[in-house]
Amino acid sequence: MTQNIENHYDYLIVGQGIAGTSLAWHLHQSGKRILLVNDSSLPSSSKVAAGIFNPLTGKKLVKTWLADEIFPYAQKFYAGLEEKLGVKILHQASIFRPFRSIEEQNSYLAQTSDPGISRYIQSPSEQQNVPEHVHAPFGGMEVIRSGWVDLPLLLDKSRDYFSNLSQYLESTFNIDDLKVSEKSVFWNGYGFDKVILCQGFNARKNELFNWLPFTPVKGQILEIEIDKLATNQIVNQGIFILPVSETHCRVGATYSWDPLDWETTAAAAQELESKLKPLLKVPYKITGQLAGIRPSSHDRRPMLGIHPDYSRIGIFNGLGTKGVTLAPYFANQFTEYLEKQKELNEAVNIKRYFSLYFR
Ligand SMILES: Cc1cc2nc3c(=O)[nH]c(=O)nc-3n(C[C@H](O)[C@H](O)[C@H](O)COP(=O)(O)OP(=O)(O)OC[C@H]3O[C@@H](n4cnc5c(N)ncnc54)[C@H](O)[C@@H]3O)c2cc1C
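Remember, predicted model here, so these are calculated numbers, not experimental data. (Residues numbered from 1 in each chain as written. Predicted model: local features only at pLDDT ≥ 70, side-chain atom pairs only at ≥ 80, totals over all residues.)

### Remarks on the overall build of the protein chain
Selection rule: The numbering of helices and of strands both runs from the N terminus, where a helix is a DSSP run of H or I of at least 4 residues and a strand a run of E of at least 2. The quantity called the radius of gyration is restricted to C-alpha atoms. Its globule counterpart is 2.2 Å times the number of residues to the power 0.38. Residues are called buried when their C-beta atom has 20 or more other C-beta atoms within 10 Å, exposed when it has 12 or fewer, and partly exposed otherwise; all C-beta atoms are positioned from the backbone. Contacts are defined on C-beta atoms placed from the backbone: any two residues whose C-beta positions lie within 7 Å are in contact.
Along the protein chain, the regular secondary structure elements total 8 helices and 20 strands. In terms of overall dimensions, the protein chain is globule-like: its C-alpha atoms have a radius of gyration of 21 Å, near the 21 Å expected for 359 residues. Structurally, the protein chain occupies a C-alpha span of about 70 × 40 × 40 Å along its principal axes. Out of the 359 residues belonging to the protein chain, those deemed buried represent 42%. A sequence separation of at least 24 residues applies to 74% of the contacts in the protein chain between residues at least 6 apart.

Written as structure tokens, this is what we have:
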């Protein structure tokens, strides 16, 4: 098959969620010619996500995997895009965690003696007042180096940027339309050196990679309207309350496995409200509800790398509950792997699952 130079790209990136978008930016900024293809009519987890980055999670205040490296990298990446795209994407905001009891207060405060944890907790002298809209009879602690990213805005502006360069195509990708030769991969009249699939949950349907242990998790969030808030602090106790403006918050999230669809349910709304009501001191009105599917993996680590039999076809998936921070860091690592043959972190390389392919 012959190709003219106009129709040849270094990379085809399939899917423009946060995985595909982060990878597109990294390859673009390293001088590669990419084509992003995305079907906007398909559901996208990135459009549903609250976009929070939180270095200490769970009831037990566990430090997020690789937080010390991943968080600063992600913040630098988003700040760089803010400058390039001229929009506000990155919102720094601390996370107020009300204590449930005196026992919890003591146990959390004991954990702060660990220097790995204490760098993410505001010192008592600097701590802000308990947010006025929150019920916190035992006080609380303030997690810092946290915040949220406006993913829908980032995705829209990135799509516009690549569209203006004629490097974004609104289309449905079907793996059967790929033709692989020794020197190139062909799709839809275009030629590429490599194809990287960033399809989120939809990758499960992809015959080339359906042997990977996808373990998707459905999640739902509520959008609420509230009286004018005096703080941009995120609140986290079993659920999060994220102020996205002075009068609007996102509340989430649920975790469920059956059925794995993109429908909102009354049961999820009820579950979220049952946690919200004891926490909020002020009236609220529900204005919306969203559902999505987190593309998680069996061992809860990202899944990236090159297909065992097709050296020109790769995947970037498995971002699970933490796409906002994992995507930029591993997009950078993937770019260095693809372009400079630097090793991928073994914990994310799909090589760890090759035995499933060859069995
Ligand atoms: C309720 C909820 C709340 C969440 N909150 C957070 C949070 O606060 N912080 C956080 O870090 N993470 C959060 N997440 C997780 C986050 O959403 C994911 O980690 C991340 O969005 C995954 O991104 P992705 O690019 O892999 O997949 P997606 O965002 O799903 O993107 C896949 C893209 O591929 C496209 N596509 C798929 N197949 C095709 C095809 N055949 N042809 C063309 N295009 C195709 C789709 O249109 C889509 O645009 C949350 C998730 C949910 C569900």
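Still more to cover.
### A word on the site of the ligand
What counts is decided by this rule: Near, for a residue, is defined by distance from a backbone-placed C-beta atom to a molecule or strand, with 6 Å as the limit that must not be exceeded. Polar here means any residue other than Ala, Val, Leu, Ile, Met, Phe, Trp, Tyr, Cys and Pro, which are nonpolar, and Asp, Glu, Lys and Arg, which are charged; Gly is therefore polar. Just so you know, the domain bounds were taken from an automatic or database domain assignment.
Near the ligand you find 42 residues, and of these Gly15, Gly17, Gly200, Gly292 and Gly323 are the closest. Elements represented by at least two residues in the shell around the ligand include exactly α1 (18–29), β2 (34–38), β14 (217–226), β18 (284–294) and α7 (323–340). Residue composition of the shell around the ligand, grouped by class: 17 nonpolar, 22 polar and 3 charged. Two domains each provide a minimum of three residues to the shell around the ligand, namely domain 1 (5–47 + 152–214 + 299–358) and domain 2 (94–145 + 217–294).

### Quick notes on the sheet that holds strand β6 (residues 90–92)
Rules: Being paired, for any two strands, means DSSP has found at least two bridges between them.
Taken in spatial order, the 3 strands line up as β3-β9-β6 in an open sheet, and their pairing is antiparallel. Only two strands of the sheet have a single partner each, and these edge strands are β3 (52–53) and β6. Sheet analysis places β6 next to strand β9 (residues 147–149), joined by 3 bridges and oriented antiparallel. Bridged to leucine 90 within β9 is valine 149.

### Examining the packing of α1 against helix α5 (residues 151–164)
Applied cut-off: Orientation is described by axes fitted as lines to C-alpha atoms, over the contacting stretch for helices, and by angles from 0 to 180 degrees between their N-to-C directions. Note on terminology: angles under 35 degrees are roughly parallel, angles over 145 are roughly antiparallel, angles of 65 to 115 are roughly perpendicular, and the others are oblique. The sense of a crossing depends on the near helix, which, turned anticlockwise from the far helix by less than a right angle, makes the crossing left-handed and, turned clockwise, makes it right-handed.
Put simply, α1 and α5 touch, their axes get as near as 11 Å, and they point 45° apart. For the element pair α1 / α5, the angle class is oblique. Handedness of the α1/α5 crossing: left-handed. Together, Ile18, Thr21 and Ala24 of α1 and Leu151, Leu154, Leu155, Ser158 and Phe162 of α5 make up the contact between the two elements.

### Notes on the sheet that holds strand β8 (residues 140–143)
As summarised here, the arrangement of the 7 strands in space is β8-β7-β15-β16-β17-β14-β18, forming an open sheet in which the pairing is mixed. The strands lining the two open edges of the sheet, one partner per strand, are β8 and β18. For this sheet, the mean angle separating the axes of adjacent strands, direction not counted, is 20°. Bridging between strand β7 (residues 95–98) and β8 involves 4 bridges; their strand directions are antiparallel. Residue pairing in the sheet places isoleucine 95 in a bridge with valine 143 of β8.

### With respect to the environment of glycine 58
Looking at the secondary structure, you find glycine 58 in the loop between β4 (56–57) and β5 (62–63). Sequence-wise, glycine 58 and glycine 191 are 133 residues apart; in three dimensions their C-alpha atoms are separated by 46 Å.

### Re α5
What counts here: One less than the residue count of a helix, multiplied by 1.5 Å, gives the span that helix is expected to have. For this quantity, the arc is that covered by the directions from the helix axis to the C-beta atoms.
The end-to-end C-alpha distance of α5 is 20 Å, a good match for the 20 Å that 14 residues give at a rise of 1.5 Å each. If you check which residues of α5 are buried, you get Leu151, Leu154, Leu155, Ser158 and Phe162. Projected down its long axis, α5 shows its buried positions confined to an angular sector of 95°, all on one face. When the buried face of α5 is taken as reference, the exposed residues oriented beyond 90 degrees from it are Asp160 and Asn164. Residues of α5 that are buried in the fold lie against α1, β2, α2 (67–85), β9 and β10 (168–170). Serine 166 lies just past α5 and shows a positive phi near 55°.

### Looking at the environment of leucine 290
Within the element layout of this structure, leucine 290 appears in strand β18. Residues within four places of leucine 290 in sequence aside, it is in contact with Val48, Gln220, Ile221 and Thr264.

### A look at the packing of α2 against α7
Packing of α2 against α7 brings their axes to within 8 Å, and their N-to-C directions diverge by 85°. The angle between α2 and α7 falls in the class roughly perpendicular. Of the residues in α7, those touching α2 at Glu69, Ile70, Phe71, Tyr73, Ala74 and Phe77 are Val324, Thr325, Leu326, Pro328, Tyr329 and Asn332. Considering only residue class, the contact of α2 with α7 consists of 9 nonpolar, 2 polar and 1 charged.

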